[in-house]
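# Summary of structural features
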Amino acid sequence: MSIRSFTVIENEWIVLADGTRLAARIWMPGGANADPVPAVFEFLPYRKRDGTSPRDESTYPVFAAAGIAGVRVDIRGSGESDGVIDGEYTELELANACELIGWIAEQPWSNGSVGMMGISWGGFNCLQVAALRPPALKAVISIASTTDRYNDDIHYKNGTHLSAQLSWAATMLAYQSRSPDPEIVGDRWREMWMERLENEPFFMEEWLAHQRRDAFWKHGSIGEDFSAVEVPSLVIAGWADGYRNTPLLAVEGMSDRSKALIGPWVHKYPHFAWPKPRADFHGEAIAFWNHWLRGEENGIEKLPQARAYILEGPKPAPRRNVDPGFWVSKETWQQPEMQSFYVKAFGTLAEGLPIPHAPAHDVYLKSPLDTGTAAGEWFTLKPDAELAGDQRVDDAGSLTFQTAPLSAAHDFLGRPELTITLSSDAPVANLIARIVDIHPDGSATRVSFGVLNLTHRNGNGDPQPMQPGKPTQIRMLLDACGYRFKPGHRIRLSLSTSYWPMILPSPTDAGLTLDIASLGLAMPKLGAHDTFEMKQPDNPDPLPTYIEHAPGKTDRKVVRDMSANRTDYIIYEDTGLFEHPGTGLSTRQLRDETWSISPGDPLSMTGTSVWTCDMQRPGWSVRTVSTSRIACTETEWLISASVVAYEGETQVFEKTFPQKAIARDLM
């Protein structure tokens, strides 16, 4: 690869057809008599100036040195861009993205071919934009994304209400409340800031208005029509993240146009993600762009359809820096052959199918409502207590079945499936299933899990209440996994009716009667595969170093108040105060979030998330404090929010989103 000189355009105004100015940061390959170059475009609401600058600066200079321009644009209403954000993946956002792709292709430095890339929001919208087929878009790299906005994002999961929905609404309220940088926008900064503060939405209100999979969620879900995405895609995720299903779903839906890569990672780019081992994302991405954006014959299109890291018995730990395992590839991904397990005797799991017409063996299950405190975050940013912990804590409130110690290794890749006949005490109830690796010393690692609001047993579009006491057959798909159970380990299936605080409780403390004679567990065999060594990043520490003015801190704890009969799950995260050495801008974000519940009262559930965001440079400082809350009754969700803003020490704005009562829709 030839190394080219490049320049960084710190801010370029791109004016849309409606007159809105969007702010772009561009890494431009240079040199005398330079030929036109391809470009990679990323479109986010996370602030190019301060929010995503570390990861941008780890990648786009490398692309530019390889002759590929990087164009990082702030969505309207974020960073230095004009206007106010109007929601997630809206028609306006996607239309703006298509217009920006056209603008890039028309620039004199452009060869007319554009790629789109991103993680999370940017991973979502690059696939969604690809489905709109803007002519200049030739390929996408989508990391930690989804093909189904309802069922594989932070809102709902098989009809259960994820606590991440409030956490993310609180995060977005905080992000969108921050000021633009006066160094970029000049004297307009305060006017722009006040416009945002006055008009930004509290996303939770819109999300809770759609508790089933309706047209709102189908919009932007490429799984509705995979054929709409005609350009090649590289779809990447990590087993430690919530978006682990997407790569395999993408290759199943776009087999001839998509490649899947799944590593051990949290919600980060593969070249700096944890747990290790990492991947040479830069090298692979550059080859991908060079082939699809400039026609270079480098063989990247011949990569196997699916590559995955098979975890080999990582132990729960306060921090997992490295997960043991090995890389496998499958030239063509196909639905795996399944290995069946059944309940041979109470508490015992054995290989084979359930015995046909066996007499029912009913077992009653009603987990304490605080079962689930070892679940970790739904999507993870750090390899610490955000990851699922030792599952013995949650197994204490669960019904468990396990194999004898294994005599040989069992390797799996894909989605486990559970079938069982059960009846419910109430019209609305939840079932949670976990696959757990029991180590010889008794420690328990979560391998896969699935959750199901039983009213969604036949689909997420038209939920139907359970008939109390009526036996009903249930089929549940668990999340994808890539895992080796080593000899001497046991495979455990854990079932519970609660998984708090990851999922919020049903309206009543419902129990389930499970016919364990009907229980069938199907595990996806790894099957025929090749092994390979993943190339590691050339730079083992690619993130830039900023100036530290105050250190960061993270605390995560569970407090069980025995006298008050209350469990609190407490999250405290402080990024520390860091200054960008090139811009002089210092930023800090603090998240203080608490979830509470009484283990026998689902209506006692509350969640409060407070964000404090600071921006400053000598002679100038601003702060916003945003608070988001949720509680419930048996028939309603109760949500509220507020934002307070300060310039220096003076309060300059306050807004309250009054409490809204939103009917629970069989949830």
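Reading the values: the criteria
Residues numbered from 1 in each chain as written. Predicted model: local features only at pLDDT ≥ 70, side-chain atom pairs only at ≥ 80, totals over all residues. Heavy atoms only, no water. Helix = DSSP H or I, 4+ residues; strand = E, 2+ residues; numbered from the N terminus. Rg over C-alpha atoms; globule rule 2.2 N^0.38 Å. Buried < 20%, exposed > 50% of the residue type's maximum accessible area, 1.4 Å probe, protein only. Contact = heavy atoms within 4.5 Å. Areas by Shrake-Rupley, 256 points an atom, 1.4 Å probe, with all protein chains shown as cover. Phe/Tyr/Trp six-rings, centres within 6.5 Å; stacked < 30°, edge-to-face > 60°. Pairing = 2+ DSSP bridges. Expected span 1.5 Å × (residues − 1). Polar contact = N/O pair within 3.5 Å; in protein donor to acceptor, adjacent residues only side chain to side chain. 1 Å grid on protein atoms, 1.4 Å probe; cavity = no way out; pocket = protein on both sides within 12 Å on 5 of 7 lines; lining within 4 Å. Points joined across faces, edges and corners; volume = space filled by probe spheres on them. Nonpolar A, V, L, I, M, F, W, Y, C, P; charged D, E, K, R; others polar.

### Quick notes on the overall build of the protein chain
Helix and strand counts for the protein chain stand at 11 helices and 34 strands. A compact globule built from 667 residues should have a C-alpha radius of gyration of about 26 Å, and the protein chain, at 25 Å, falls within 12% of that. The C-alpha extent of the protein chain, read off along each of the three principal axes, is 80 × 60 × 45 Å. Across the 667 residues that make up the protein chain, the buried fraction comes to 62%. Relative to all contacts within the protein chain whose residues are 6 or more apart in sequence, the contacts with residues 24 or more apart total 73%. Total accessible area on the protein chain is roughly 23,900 Å²; 50% of this is exposed by carbon and sulfur atoms.

### Considering the packing of aromatic side chains
Applying the stated rule across the entire model yields 31 aromatic pairs. Look at Trp 265 and Trp 327: their rings are 6.0 Å apart centre to centre, the planes differ by 45°, and that puts the pair in the tilted class. Here Trp 265 is found in the loop between strand S10 (258-263) and helix H10 (281-294), whereas its partner Trp 327 is found in strand S12 (residues 325-330), with 62 residues between them in sequence. The two residues Trp 265 and Trp 327 agree in class, both being buried. Look at Phe 412 and Phe 485: their rings are 5.9 Å apart centre to centre, the planes differ by 75°, and that puts the pair in the edge-to-face class.

### A word on the pairing of strand S18 (residues 417-424)
Strand direction decides the pairing type here: S18 and strand S21 (residues 472-477), joined by six bridges, are antiparallel. Bridging from a neighbouring strand, Leu 418 pairs with Met 476 of S21. Looking at chain direction, S18 and strand S24 (residues 512-524) are connected through seven bridges and run antiparallel. The residue bridging Leu 418 from the neighbouring strand is Leu 521, located in S24.

### Focus on helix H1 (residues 53-65)
Since the α-helix advances by 3.6 residues per turn, residues separated by three or four positions end up pointing in the same direction. Counted at 1.5 Å a residue, the expected span for H1 with its 13 residues is 18 Å, and the 18 Å between its end C-alpha atoms agrees. Counting buried residues in H1 gives 11 out of 13 residues, a clear majority hidden from the surface. Structurally, H1 contributes buried residues whose contacts are with strand S1 (6-15), strand S2 (21-29), strand S3 (37-44), strand S4 (69-74), strand S5 (110-119) and H10.

### Remarks on the side chain of Gln 339
By secondary structure assignment, the location of Gln 339 is in strand S13 (residues 338-345). Residue class for Gln 339 comes out buried when judged on its relative accessible area of 12%. A polar contact of 2.8 Å, which involves the side chain of Gln 339, links it to the side chain of Glu 351. If sequence neighbours within four positions are ignored, Gln 339 has contacts with Glu 351, His 410, Phe 412, Leu 521, Ala 522, Met 523 and Lys 525.

### A few points about empty space enclosed by the protein
Inspection of every chain in the model, using the stated rule, returns eight cavities of 30 Å³ or more. Volume-wise, the largest cavity comes out at about 270 Å³. Along the wall of the largest cavity there are 21 residues; nearest its centre are Trp 239, Ala 240, Arg 244, Arg 446 and Val 447. Listed by contribution, the elements that provide at least two residues to the lining of the largest cavity are strand S20 (444-453) and strand S22 (481-485). A total of five residues in the lining of the largest cavity trace back to one element, the largest contributor, which is S20. A per-class count over the lining of the largest cavity returns 11 nonpolar, four polar and six charged.

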